[in-house]
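One letter stands for each residue in the lines below.
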Amino acid sequence: MKIEEKKKKKEEKYFSVPVFERFEVGLFLSFVGGLLDAYTYVARGGVFANAQTGNIILFAICFCKLDFFGALRYLVPIVCFVVGVLISEFILSRQLQKGAKLANYVLLLVLEAAVLVVVAFIPFETDWNIVANAAVSFVASVQYSTFRKMENVPFATSFCTGNLRTASQYLYRSVAERDADKFSVSLKFFANIFFFVLGVAAGYFITVNFPLSPLVAGGVLLLIGAYMVAAKSVKYKKLAKKQAEEAEKSQTQA
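Rules used in this analysis
Residues numbered from 1 in each chain as written. Predicted model: local features only at pLDDT ≥ 70, side-chain atom pairs only at ≥ 80, totals over all residues. Heavy atoms only, no water. Helix = DSSP H or I, 4+ residues; strand = E, 2+ residues; numbered from the N terminus. Expected span 1.5 Å × (residues − 1). Salt bridge = Lys/Arg side-chain N within 4 Å of Asp/Glu carboxyl O. Buried < 20%, exposed > 50% of the residue type's maximum accessible area, 1.4 Å probe, protein only. Polar contact = N/O pair within 3.5 Å; in protein donor to acceptor, adjacent residues only side chain to side chain. Contact = heavy atoms within 4.5 Å.

Caption draft 1: Local environment of helix α3 (residues 52–64). For α3, with 13 residues, the first-to-last C-alpha span of 18 Å sits near the 18 Å given by 1.5 Å per residue. Phi turns positive, to about 65°, at Leu66, one or two residues after α3.

Right under this line is the structure:
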């Protein structure tokens, strides 16, 4: 009986949490987020691909020094991040009008992977670094804007400040309210931060030793993430069909 209850509870979770908000998908995307930041910082002129706060600060400092080329180096990824958000918002707004399609999320991940693989072969020169950083920032912004939640809780795959706050808040509430579910949420957010750190470490060591490899690895991981979303969406449809058949059977028997 307990096994059946656990199975039923697991099936219900598939309907309460969208496939693209699953914990496993978040782990993959967090790892890629850390890897991208390490790559652009180490190999592409000290620029951050994901969190634009650092780039905005460095842009302002260069501008104050009248180092306009240096300021441009940080301005380009900021602008491309904005463009990525606008494109993501356009796609999501279209989905709200026509009904969300999981295929679009898979397509976005595949597109991100393709861009990263192309960027991997851009020469490591100052002028080309601007192009590379712009492309990586675009990928980061699309990912950040598209995958906004983990199991119905606001979540970011590209940086850790908000995730650290959420993890700490849920940790406090789990203790204060003696709520095991909130403790589980806290652990999942800390796990994503840990995977982001692992991504940074992997990005650093791979970039130092094999400069072309980090983005290829990131692209492969995004394709794995796309496969996970696709596979889970297939399972979701099967469960929905099963539930519909059971409901129809119950009505027939009644």
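Caption draft 2: View of the pattern of salt bridges. As enumerated under the stated definition, the model contains three salt bridges in all. A salt bridge links Lys188 to Glu151, with the nearest nitrogen and oxygen atoms 2.8 Å apart. With Lys188 in helix α8 (residues 180–209) and Glu151 in the loop between β1 (149–150) and β2 (153–154), this residue pair connects regions lying 37 residues apart in the sequence. Residue classification places Lys188 among the buried positions, given a relative accessible area of 16%.

Caption draft 3: Structural view of α8. The end-to-end C-alpha distance of α8, which contains 30 residues, comes to 43 Å, matching closely the 44 Å that a straight helix rising 1.5 Å per residue would cover. Residues Val185, Ser186, Lys188, Phe189, Asn192, Ile193, Phe196, Gly199, Gly203 and Thr207 constitute the buried set of α8. Where α8 begins, the capping side chain belongs to Asp179, and its oxygen is found 2.9 Å from the backbone nitrogen of Asp181.

Caption draft 4: Molecular detail of the side chain of Gln143. Along the chain, Gln143 turns up in helix α6 (residues 126–146). Residue Gln143 is classed as buried on the basis of its relative accessible area, which comes to 2%. Other than its neighbours up to four places away in sequence, Gln143 contacts Leu29, Val32, Gly33, Glu112, Thr157 and Leu222.

Everything listed here is a matter of geometry and, on its own, says nothing about what the molecule does.
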